[in-house]
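# Remarks on the overall topology
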Amino acid sequence: MTRSQQYVAAACSVVSAGVLAAALFLDASGRTAVAWAGCGVLAVQLALHFALRGWRARNDRFYAAIVAAFATRAIVALAAVLLVAAPALLDPAPFVLALAFFMVGVSFLEPVIESWLPTRRRRTSGA
């Protein structure tokens, strides 16, 4: 399984687990808000992962990829709050909390998976 496949699987698992956990505690409007936040985060994060994959592999563009990804996430989060939560199209509190939780959680998955795979390969090939 490639790093990208593992990242997609892990990101979908984190968001699915969060949506299912929220379903235990929230009413129908809260569950809907959390589900929409999860879908939005998955769309943005997976698009960023694949769009910036080539930049992360090059030393001269690595920091540019980090800055571009951070700026995109900040703009998307601000736009989601202003366009969805502020006019109360969805339940604002669960939407904003889920958006923040999923965005941070899925963002941290990427470097963990990127750094974990080579280490594991070295250990298994050297043993």
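Numbers given to residues run from 1 along each chain, matching the order in which its sequence is written. Restriction of local features to residues with pLDDT of at least 70 applies here, the model being predicted, together with a cutoff of 80 or more for giving and counting side-chain atom pairs; totals for whole chains, interfaces and linings are based on all residues. Think of the side-chain values as coming from all heavy atoms in the structure, minus any hydrogens and water.

Here we take up the overall build of the protein. A tally of regular secondary structure across the protein gives five helices and zero strands. The helix and strand labels rest on DSSP assignments: H or I over at least four residues marks a helix, E over at least two residues marks a strand, and numbering proceeds from the N terminus. Tracing the protein from N to C terminus, the helices and strands come up as α-α-α-α-α. Its C-alpha atoms put the protein at 55 × 30 × 15 Å along the principal axes. We call a residue buried when its accessible area falls under 20% of the maximum for its residue type, exposed when it is over 50%, and partly exposed in between, using a 1.4 Å probe and counting protein chains only. Here the protein holds 127 residues, and the buried ones make up 31% of them. By the convention used here, residues are in contact when the closest approach between their heavy atoms is within 4.5 Å. A separation threshold of at least 6 residues defines the contact pool for the protein, and within that pool the share at least 24 residues apart is 72%. Computed by Shrake-Rupley with a 1.4 Å probe, the accessible areas treat only the displayed protein chains as cover when residues are assessed. Surface summary for the protein: the accessible area is close to 7,700 Å², and the carbon and sulfur share equals 72%. Two residue types count as positive, namely Lys and Arg, and two as negative, namely Asp and Glu; His and chain ends fall outside the count. Charged side chains are reduced to one point each, which is NZ for Lys, CZ for Arg, CG for Asp and CD for Glu. Taking the average location of the 11 positive side-chain charges in the protein and that of its 5 negative ones, the two points are 14 Å from each other.

This next bit is on the pattern of salt bridges. When a carboxyl oxygen of Asp or Glu is within 4 Å of a side-chain nitrogen of Lys or Arg, the pair counts as a salt bridge. Using the criterion set out here, one finds one salt bridge in the structure. Across the pair Glu110 and Arg73 runs a salt bridge, and its minimum N-O distance is 3.9 Å. Taken together, the residues span a long stretch of sequence, with Glu110 in helix H5 (residues 92–126) and Arg73 in helix H4 (residues 62–85) at a distance of 37 residues. We classify Glu110 as buried; its relative accessible area is 10%.

Let us now look at the environment of Phe62. Along the chain, Phe62 turns up in helix H4. In this structure, Phe62 is in contact with Trp55 and Arg56, ignoring residues within four places of it in sequence.

Note on placement: Ala51 falls in helix H2 (residues 28–51). Once the C-alpha coordinates of Ala51 and Ala69 are considered, the two residues, 18 residues apart in sequence, prove to be 9.6 Å apart.

Looking now at the confidence of the model for the protein. Of all residues in the protein, 91% attain a pLDDT of 70 or more, and the chain-wide mean is 85. pLDDT is a per-residue confidence score from the predictor, ranging from 0 to 100. Mean pLDDT in the protein bottoms out at helix H3 (residues 53–57), which sits at 74, and peaks at H2, which reaches 92.

Now for the packing of aromatic side chains. Within 6.5 Å between ring centres, the rings of Phe, Tyr and Trp (the latter by its six-membered ring) count as paired, and their orientation is classed by plane angle as stacked under 30 degrees, edge-to-face over 60, tilted in between. In total, this model carries two aromatic pairs according to the counting rule given. A ring pair is formed by Phe62 and Tyr63, whose centres lie 5.6 Å apart and whose planes are at 75 degrees; its orientation type is edge-to-face. For Tyr63, a relative accessible area of 62% gives the class exposed.

Looking now at helix H1 (residues 3–25). Given the number of residues in a helix, its expected span is that number minus one, multiplied by 1.5 Å. Here H1 contains 23 residues, and its C-alpha end-to-end distance of 33 Å stays within 8% of the 33 Å for a straight helix at 1.5 Å per residue. Looking only at H1, the buried set comprises Ser4, Gln6, Tyr7, Ala10, Ala11, Val15, Gly18 and Ala22.

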